[in-house]
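Survey of secondary and tertiary structure
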Amino acid sequence: ATEAEQKDLVIIGGGVAGYVAAIKAGQEGLKVTCIEKRGTLGGTCLNVGCIPSKSLLNNSHLYHQILHDSKHRGIEVGDVKLNLDQLMKAKDTSVTGLTKGVEYLFKKNGVEYIKGTGSFQDDHTIKVALNDGGETSVSGKNIIIATGSEASPFPGLEIDEKRVVSSTGALSLAKVPESLAVIGGGIIGLEMASVWSRLGAKVTVIEFMDQIGGPGMDTEVAKSIQKILKKQGINFKTSTKVVNGDTSSEKVKLNLDAAKGGKEESLDADVVLVAIGRRPYTGGLGLENTSVEVDERGRVVIDSEYRTKVPHIRCVGDVTFGPMLAHKAEEEAVAVIEYIKKGYGHVNYGCIPSVMYTFPEVAWVGQSEQDLKKAGIKYRVGTFPFSANSRAKTNLDTDGMVKMIADPETDRLLGVHIVGPNAGEMIAEGTLALEYGASCEDIARTCHAHPTLAEAFKEAAMATYSKPIHM
Ligand code: FAD
Ligand code: NAI
């Protein structure tokens, strides 16, 4: 090992949390090193998460639309064929372009990038097993843990990324399976179910809870998107638990049980996707050589300034508390550098949007109706369906609605929930309104261009305290 060189900041992990912190630190003039073992930057998000999944979602949607949703629009096409290799290549091109882009930004901002696996030797020194062989060590006045998360395993069903896959395998299947069973109807499950169902697989989603969409999705919205996805051909088994699986035959067999006791059944599938959540990743990090604490769910314990129990070691992103989302990791990454450099920073955890990129998309920010009921908070709801919105009608895409929740006394916006085309873009307006403490009347009195889907947003706001015009 070479003599440890003291940096202002050493970051372990080059995912969204780590790379954004590194760039921000470089911009702030800190001497910074980022250690990443994957061989490319961008972490889960750029390599095997947000970006490749959205490439497959976008292109599988186009394929499906050409096949099933073009004739009545006046477009008749001949011989439509799927070229799965090319679809995967298009995905890889997007991924490579973006990961290389981060590498360029590292150079531009003077960030030292070490390709290797970092592990703590003590509170100050990190040993790095270099990807190219050999090792080195670095030490930092400040250290950030940004090692992210990994798919939670399903006990007894080993992931081989071919027949039993995690999201990573589901992003790279070599052929369209005849049948796909998805364990877990959360966001990963539903996005991947959409991709493979559109490409021709018979897809069944098995969900333990009585609603799909994972934690946080408004119940009314979850019911609405389930109906729409069912119409698209995806089968659902809700309130159903996968008990175990058997891979010894040609097909993978899943044994199912009604979640609240009752009927047992089994399901055979060519490929099974395990999408039952993700867990913090600290494997091989050597935390046992430090006083850093993790909680019972493996999350690194931090205070409000992202400090672990060792004050100069901080932690951000999926490996600590909060939603496992790329934009949450990014906000924390900027804030943690501000804490290190200036002593203050800020993330508003009440105002982090969520988007599920199915078609139509589902997006929300703030509180759901069930959250408010549970907390005993009074609220008022305004909804507006896309079937009454001129742009949605023009586009022949009228499934879905905007639902707005407001405080009945002050009219302050408490939550926005959208199922609809472009919901993921539209939620930015809801997020801004929530961040600025807008009332629904503020939104309804803001002029929205016509004809746009965003007019449904304005009319849902109107519906919370008055009547919408177009309904
Ligand atoms: P990660 O991105 O996991 O990065 C951590 C990095 O640390 C990894 O590259 C890892 O190799 C490296 N590392 C770990 N240990 C070490 C070590 N000891 N030494 C060196 N390097 C190490 N979020 C969204 O907001 N929108 C989406 O559309 C979305 N889609 C997703 C789709 C899928 C299929 C998946 C799986 C996730 C998706 N996410 C999405 C979640 C998003 O990817 C994560 O929230 C985000 O990547 C978290 O960033 P992070 O930097 O904390 O962790
Ligand atoms: P999730 O927590 O969203 O959903 C997992 C689902 O599996 C839950 O609904 C749960 O009830 C169910 N489940 C658990 N055990 C089960 C069993 N034995 N049988 C049947 N169902 C079972 O987790 P998911 O979908 O794996 O995603 C992990 C995280 O990745 C998300 O929480 C999100 O933070 C991130 N992500 C974000 C995306 C986005 O923003 N568009 C896309 C993909 C992932």
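This report concerns the structure included in the present document. Since we're looking at a predicted model, the values are computed, not measured. (Residues numbered from 1 in each chain as written. Chains lettered and ligands numbered in written order. Predicted model: local features only at pLDDT ≥ 70, side-chain atom pairs only at ≥ 80, totals over all residues. Heavy atoms only, no water.)

Description of the pairing of strand S11 (residues 240–246)
Sheet faces and side chains relate simply in a regular strand, where the side chains alternate between the two faces. The criterion, for reference: Two strands are counted as paired when DSSP detects at least two bridges linking them. Runs of E in the DSSP output that reach at least two residues are strands. Runs of H or I that reach at least four are helices, and both are numbered from the N terminus.
When S11 meets strand S12 (residues 252–258), the two strands line up antiparallel, connected through six bridges. The residue of S12 that forms the bridge with Lys-241 is Asp-257. Between S11 and S12, which pair antiparallel in sequence order, lie five residues.

Quick look at unusual backbone geometry
Here is the rule we go by: Note on classification: 1.4 Å probe, protein chains only; a residue is buried when its accessible area is under 20% of the maximum for its type, exposed when over 50%, partly exposed between these limits.
A cis amide bond links Phe-359 with the next residue in sequence, Pro-360, at an omega value of -5°. Relative to the helices and strands, Pro-360 resides in the loop between strand S17 (354–356) and strand S18 (361–366). Residue His-450 is joined to Pro-451 through a cis peptide bond whose omega torsion reads -5°. As for its placement among the helices and strands, Pro-451 is situated in the loop between helix H12 (440–444) and helix H13 (454–465). Here Tyr-306, not a glycine, exhibits a phi torsion of approximately 65°, which is positive. You can see Tyr-306 is positioned in the loop between strand S15 (278–280) and strand S16 (313–315). Residue Tyr-306 is classed as buried on the basis of its relative accessible area, which comes to 4%.

As for the nonpolar core
Applied cut-off: Throughout this description, the term nonpolar core refers to a set of buried Ala, Val, Leu, Ile, Met, Phe, Trp, Tyr and Cys residues connected via side-chain atoms within 4.5 Å. Between two residues, a contact is recorded if the distance between any of their heavy atoms is within 4.5 Å.
One finds Ile-11, Phe-106, Phe-120, Ile-126, Ile-144 and Ile-145 to be the most contacted residues of the largest nonpolar core, which totals 52 residues. Of the residues forming this core, the biggest block, eight residues, is contributed by helix H1 (residues 16–27). If near-sequence neighbours (up to four positions away) are discounted, Ile-126 is found in contact with Val-10, Ile-12, Ile-35, Gly-118, Ser-119, Phe-120, Thr-136, Ser-137, Val-138 and Ile-143. Counting residues in each nonpolar core, the second largest holds 38 residues, with Leu-87, Leu-199, Met-217 and Ala-222 among its members.

Details of the site of ligand 1
Note the threshold: Being near a molecule or strand, for a residue, means having at least one of its heavy atoms within 4 Å of it. Pairs of N or O atoms within 3.5 Å make up the polar contacts considered here, provided that, within protein, one atom can donate a hydrogen while the other can accept it, and that residues adjacent in sequence are counted only when both atoms are side-chain atoms. Reported accessibility uses the Shrake-Rupley method at a 1.4 Å probe radius. Residues are deemed covered only where the shown protein chains occlude them. Classes in brief: Ala, Val, Leu, Ile, Met, Phe, Trp, Tyr, Cys and Pro nonpolar; Asp, Glu, Lys and Arg charged; the others, Gly included, polar.
Around ligand 1 sit 37 residues, and of these Glu-36, Thr-44, Lys-54, Asp-318 and Ala-326 come closest. Gly-118 has a polar backbone atom sitting 2.9 Å from a nitrogen atom of ligand 1. Within the side chain of His-327, a nitrogen or oxygen atom sits 3.3 Å from an oxygen atom of ligand 1. Summarising the interface, the protein chains cover 94% of the accessible area of ligand 1, which totals 1000 Å² for the free molecule. Elements that contribute at least two residues to the shell around ligand 1 include exactly H1, strand S2 (32–36), helix H2 (43–48), helix H3 (50–68), strand S3 (112–120) and helix H8 (326–342). Element by element, the count of residues in the shell around ligand 1 is highest for H2, at four residues. When grouped by side-chain class, the residues that make up the shell around ligand 1 number 15 nonpolar, 16 polar and six charged.

Examining the pattern of salt bridges
We count it as follows: Any carboxyl oxygen of Asp or Glu that lies within 4 Å of a side-chain nitrogen of Lys or Arg is treated as forming a salt bridge with it.
Counted according to the given criterion, the structure contains 21 salt bridges. Between Glu-220 and Lys-403 there is a salt bridge, and its shortest N-O distance comes to 2.6 Å. Placement of the pair is Glu-220 in helix H7 (residues 219–231) and Lys-403 in strand S20 (residues 401–406), with a sequence separation of 183 residues. A relative accessible area of 0% means that Lys-403 is categorised as buried. A single network of salt bridges, built from pairs that share partners, joins Asp-218, Glu-220, Glu-369 and Lys-403.

Details of the pairing of strand S14 (residues 271–274)
What you see with S14 is no split at all: Val-271 and Leu-273 on one side and Val-272 and Val-274 on the other are buried throughout. Pairing of strand S7 (residues 164–165) with S14, which is carried by two bridges, proceeds in the parallel orientation. Looking at the pairing, Val-165 lines up with Leu-273 of S14. Pairing of strand S8 (residues 179–183) with S14, which is carried by four bridges, proceeds in the parallel orientation. Each residue of the ladder has a partner; that of Ala-181, found in S14, is Val-272.

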